[in-house]
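Residues per chain are reported as follows:
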Amino acid sequence: QALGPREPGARETGVVRESHPVQRVAVVSVAEGSHRFVTPEQTFVYEFAWSPDAARLAYIGAPPPGDASWWLAKLHVVETANARSRVLYAPKWQLTEPTWSPDGKQVAVIEGLMSDHGSNGGDVMLVPLDGGKARNLTAGMKATAMSLEWVSARSLLFGAQVRGESAVATVDPTQG
(Lines give C-alpha, C1' and ligand atoms only; values in the text may rest on other atoms or scores of the structure.)
Protein backbone atom coordinates (compact mmCIF):
# COMPACT_ATOMS: atom_id res chain seq x y z
CA GLN A 1 0.00 0.00 0.00
CA ALA A 2 1.44 3.38 -1.05
CA LEU A 3 1.54 6.01 1.69
CA GLY A 4 0.79 9.68 1.04
CA PRO A 5 2.97 12.62 2.11
CA ARG A 6 1.08 12.97 5.41
CA GLU A 7 1.09 9.29 6.33
CA PRO A 8 3.75 7.64 8.51
CA GLY A 9 6.13 5.39 6.65
CA ALA A 10 8.27 2.46 7.68
CA ARG A 11 11.74 3.40 8.84
CA GLU A 12 14.51 2.57 6.37
CA THR A 13 17.06 0.18 7.85
CA GLY A 14 20.02 -1.83 6.64
CA VAL A 15 22.50 -1.09 3.88
CA VAL A 16 21.22 1.80 1.78
CA ARG A 17 23.63 1.38 -1.10
CA GLU A 18 26.57 -0.98 -1.34
CA SER A 19 28.12 0.68 -4.37
CA HIS A 20 28.12 4.20 -5.72
CA PRO A 21 26.97 5.01 -9.24
CA VAL A 22 29.78 6.06 -11.55
CA GLN A 23 29.30 8.44 -14.48
CA ARG A 24 31.67 7.47 -17.30
CA VAL A 25 32.28 8.36 -20.94
CA ALA A 26 31.73 5.75 -23.63
CA VAL A 27 32.39 5.81 -27.35
CA VAL A 28 29.54 4.42 -29.44
CA SER A 29 29.96 2.77 -32.84
CA VAL A 30 27.10 3.95 -35.01
CA ALA A 31 27.75 1.21 -37.58
CA GLU A 32 27.79 -1.66 -35.07
CA GLY A 33 25.59 -0.25 -32.33
CA SER A 34 28.16 -1.22 -29.73
CA HIS A 35 29.96 0.91 -27.17
CA ARG A 36 33.13 0.84 -25.09
CA PHE A 37 34.02 2.87 -22.06
CA VAL A 38 37.06 5.13 -22.34
CA THR A 39 37.17 6.50 -18.80
CA PRO A 40 38.13 4.35 -15.79
CA GLU A 41 35.56 2.27 -13.94
CA GLN A 42 36.26 3.88 -10.57
CA THR A 43 36.26 7.53 -11.70
CA PHE A 44 33.14 9.68 -11.67
CA VAL A 45 33.35 12.05 -14.68
CA TYR A 46 31.83 15.50 -14.15
CA GLU A 47 32.83 17.32 -17.35
CA PHE A 48 34.83 16.43 -20.44
CA ALA A 49 36.09 17.89 -23.72
CA TRP A 50 37.34 16.22 -26.89
CA SER A 51 40.76 17.14 -28.26
CA PRO A 52 40.75 18.82 -31.70
CA ASP A 53 41.82 15.55 -33.35
CA ALA A 54 39.37 13.47 -31.24
CA ALA A 55 42.22 11.16 -30.18
CA ARG A 56 42.07 12.28 -26.54
CA LEU A 57 39.57 13.38 -24.00
CA ALA A 58 40.26 15.82 -21.16
CA TYR A 59 37.96 15.23 -18.23
CA ILE A 60 37.40 16.35 -14.67
CA GLY A 61 36.89 13.34 -12.45
CA ALA A 62 37.15 11.95 -8.94
CA PRO A 63 36.52 8.68 -7.12
CA PRO A 64 32.82 8.07 -6.39
CA PRO A 65 30.43 9.01 -4.92
CA GLY A 66 29.84 11.73 -7.50
CA ASP A 67 27.72 13.97 -5.33
CA ALA A 68 30.39 14.16 -2.62
CA SER A 69 33.68 14.24 -4.52
CA TRP A 70 33.40 17.30 -6.81
CA TRP A 71 35.78 19.20 -4.53
CA LEU A 72 38.45 16.50 -4.93
CA ALA A 73 38.29 16.19 -8.72
CA LYS A 74 41.42 16.36 -10.88
CA LEU A 75 42.02 17.07 -14.55
CA HIS A 76 42.70 13.84 -16.46
CA VAL A 77 43.48 13.01 -20.05
CA VAL A 78 42.65 9.71 -21.74
CA GLU A 79 43.78 8.29 -25.08
CA THR A 80 40.48 7.16 -26.62
CA ALA A 81 42.04 4.40 -28.77
CA ASN A 82 43.37 2.40 -25.80
CA ALA A 83 41.56 4.00 -22.81
CA ARG A 84 44.87 4.83 -21.06
CA SER A 85 44.17 7.60 -18.61
CA ARG A 86 46.46 9.80 -16.52
CA VAL A 87 46.14 12.73 -14.17
CA LEU A 88 47.16 15.91 -15.96
CA TYR A 89 46.63 18.37 -13.09
CA ALA A 90 45.88 18.02 -9.38
CA PRO A 91 44.49 21.42 -8.38
CA LYS A 92 44.47 23.27 -5.09
CA TRP A 93 40.79 24.23 -5.57
CA GLN A 94 37.88 23.01 -7.70
CA LEU A 95 38.06 22.70 -11.48
CA THR A 96 35.55 23.24 -14.27
CA GLU A 97 35.26 23.96 -18.01
CA PRO A 98 38.06 21.85 -19.59
CA THR A 99 38.86 23.44 -22.97
CA TRP A 100 41.49 22.28 -25.48
CA SER A 101 43.87 24.59 -27.30
CA PRO A 102 43.43 24.53 -31.10
CA ASP A 103 46.76 22.69 -31.49
CA GLY A 104 45.84 20.07 -28.85
CA LYS A 105 48.95 20.75 -26.75
CA GLN A 106 47.27 22.44 -23.77
CA VAL A 107 44.06 22.36 -21.78
CA ALA A 108 42.60 25.44 -20.12
CA VAL A 109 40.36 25.14 -17.06
CA ILE A 110 38.79 27.41 -14.49
CA GLU A 111 40.06 26.79 -10.96
CA GLY A 112 38.46 28.42 -7.95
CA LEU A 113 37.64 28.18 -4.29
CA MET A 114 34.03 27.21 -3.58
CA SER A 115 33.17 26.63 -7.22
CA ASP A 116 30.14 24.38 -6.85
CA HIS A 117 29.44 22.01 -9.71
CA GLY A 118 27.36 23.99 -12.19
CA SER A 119 28.08 27.32 -10.49
CA ASN A 120 31.56 28.10 -11.77
CA GLY A 121 34.04 30.73 -10.73
CA GLY A 122 37.79 31.27 -10.46
CA ASP A 123 40.95 31.92 -12.42
CA VAL A 124 41.79 30.67 -15.91
CA MET A 125 44.55 28.07 -15.66
CA LEU A 126 46.60 26.70 -18.55
CA VAL A 127 47.85 23.11 -18.26
CA PRO A 128 50.37 21.75 -20.80
CA LEU A 129 49.69 18.24 -22.08
CA ASP A 130 53.37 17.29 -21.75
CA GLY A 131 53.17 17.44 -17.95
CA GLY A 132 54.68 20.88 -17.40
CA LYS A 133 53.53 23.19 -14.62
CA ALA A 134 50.06 24.76 -14.79
CA ARG A 135 49.99 28.55 -15.23
CA ASN A 136 47.44 31.04 -13.91
CA LEU A 137 46.54 33.33 -16.83
CA THR A 138 44.35 35.68 -14.79
CA ALA A 139 46.28 36.11 -11.53
CA GLY A 140 45.27 39.34 -9.82
CA MET A 141 42.18 39.78 -11.97
CA LYS A 142 39.43 41.65 -10.10
CA ALA A 143 36.76 39.32 -11.50
CA THR A 144 35.89 35.64 -11.56
CA ALA A 145 35.84 33.60 -14.76
CA MET A 146 32.69 31.51 -15.12
CA SER A 147 32.76 30.03 -18.63
CA LEU A 148 35.57 29.36 -21.06
CA GLU A 149 36.06 28.93 -24.81
CA TRP A 150 39.26 28.77 -26.85
CA VAL A 151 38.46 30.89 -29.93
CA SER A 152 41.91 31.10 -31.57
CA ALA A 153 45.52 30.20 -30.89
CA ARG A 154 46.03 33.58 -29.19
CA SER A 155 42.65 34.09 -27.52
CA LEU A 156 40.70 32.44 -24.74
CA LEU A 157 37.25 33.96 -24.35
CA PHE A 158 35.58 33.80 -20.95
CA GLY A 159 32.41 34.95 -19.31
CA ALA A 160 32.96 36.57 -15.92
CA GLN A 161 31.44 38.29 -12.93
CA VAL A 162 32.87 41.71 -12.09
CA ARG A 163 31.49 43.42 -8.98
CA GLY A 164 28.19 41.58 -9.40
CA GLU A 165 27.86 42.38 -13.11
CA SER A 166 28.26 40.04 -16.09
CA ALA A 167 31.21 40.57 -18.40
CA VAL A 168 32.97 38.98 -21.36
CA ALA A 169 36.76 39.11 -21.62
CA THR A 170 39.68 37.51 -23.44
CA VAL A 171 43.12 36.47 -22.32
CA ASP A 172 46.19 35.68 -24.41
CA PRO A 173 47.34 32.16 -23.44
CA THR A 174 51.00 32.99 -24.09
CA GLN A 175 51.16 36.25 -22.13
CA GLY A 176 48.27 36.08 -19.67
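Look above for the structure.
Participant: Any chance you could break down the environment of Arg-163 for me, citing the residues and the numbers?
Facilitator: Along the polypeptide, Arg-163 turns up in the loop between strand S12 (155–162) and strand S13 (165–171). You can call Arg-163 exposed: its relative accessible area is 77%.

Participant: Could you give an account of the environment of Ser-119, with specific residues and numbers?
Facilitator: Along the chain, Ser-119 falls in the loop between strand S8 (106–112) and strand S9 (123–128). Overall, the relative accessible area of 46% leaves Ser-119 in the partly exposed class. Between the alpha carbons of Ser-119 and Met-146 there is a distance of 7.8 Å; along the sequence they are 27 residues apart.

Participant: Any chance you could break down the sheet that holds S13 for me, citing the residues and the numbers?
Facilitator: Read across the sheet, three strands follow the order S11-S12-S13 without closing on themselves; strand pairing throughout is antiparallel. Sheet topology places strand S11 (144–152) and S13 at the edges, where each strand pairs with a single neighbour. Each adjacent strand pair in this sheet contributes to an overall mean axis angle of 20°, direction not counted. Of the strand pairs in this sheet, S12 and S13 are connected by seven bridges, and their pairing is antiparallel. Bridge pairing in S13 links Gly-159 to Val-168.

Participant: Talk me through the environment of Glu-97; I want residue IDs and the actual numbers.
Facilitator: Mapped onto the fold, Glu-97 is located in strand S7 (residues 94–100). Classification of Glu-97 as partly exposed rests on a relative accessible area of 21%. Taking the C-alpha atoms as reference points, Glu-97 and Phe-48, 49 residues apart in sequence, are found 7.9 Å from one another. In contact with Glu-97, other than residues within four places in its own chain, are Glu-47, Ile-60, Ala-108, Val-109, Ile-110, Asn-120, Met-146, Ser-147 and Leu-148. A polar contact is formed between the side chain of Glu-97 and the side chain of Asn-120, at a distance of 3.2 Å.

Participant: So, the pattern of salt bridges: which residues are in play, and what are the values?
Facilitator: The tally for this structure, following the rule as stated, stands at two salt bridges. Arg-56 is the partner of Asp-53 in a salt bridge, and the nearest nitrogen-oxygen pair spans 3.9 Å. Put simply, Arg-154 and Asp-172 hold a salt bridge, and the shortest N to O gap is 2.7 Å. Here Arg-154, found in the loop between S11 and S12, pairs with Asp-172, found in the segment after S13; they are 18 residues apart in sequence, far enough to count as distant. Look at Asp-172 and you get buried, because its relative accessible area is 16%.

Analysis parameters
- Residues numbered from 1 in each chain as written.
- Predicted model: local features only at pLDDT ≥ 70, side-chain atom pairs only at ≥ 80, totals over all residues.
- Heavy atoms only, no water.
- Helix = DSSP H or I, 4+ residues; strand = E, 2+ residues; numbered from the N terminus.
- Buried < 20%, exposed > 50% of the residue type's maximum accessible area, 1.4 Å probe, protein only.
- Pairing = 2+ DSSP bridges.
- Axes fitted to C-alpha atoms, helices over the stretch in contact; angles between N-to-C directions.
- Contact = heavy atoms within 4.5 Å.
- Polar contact = N/O pair within 3.5 Å; in protein donor to acceptor, adjacent residues only side chain to side chain.
- Salt bridge = Lys/Arg side-chain N within 4 Å of Asp/Glu carboxyl O.

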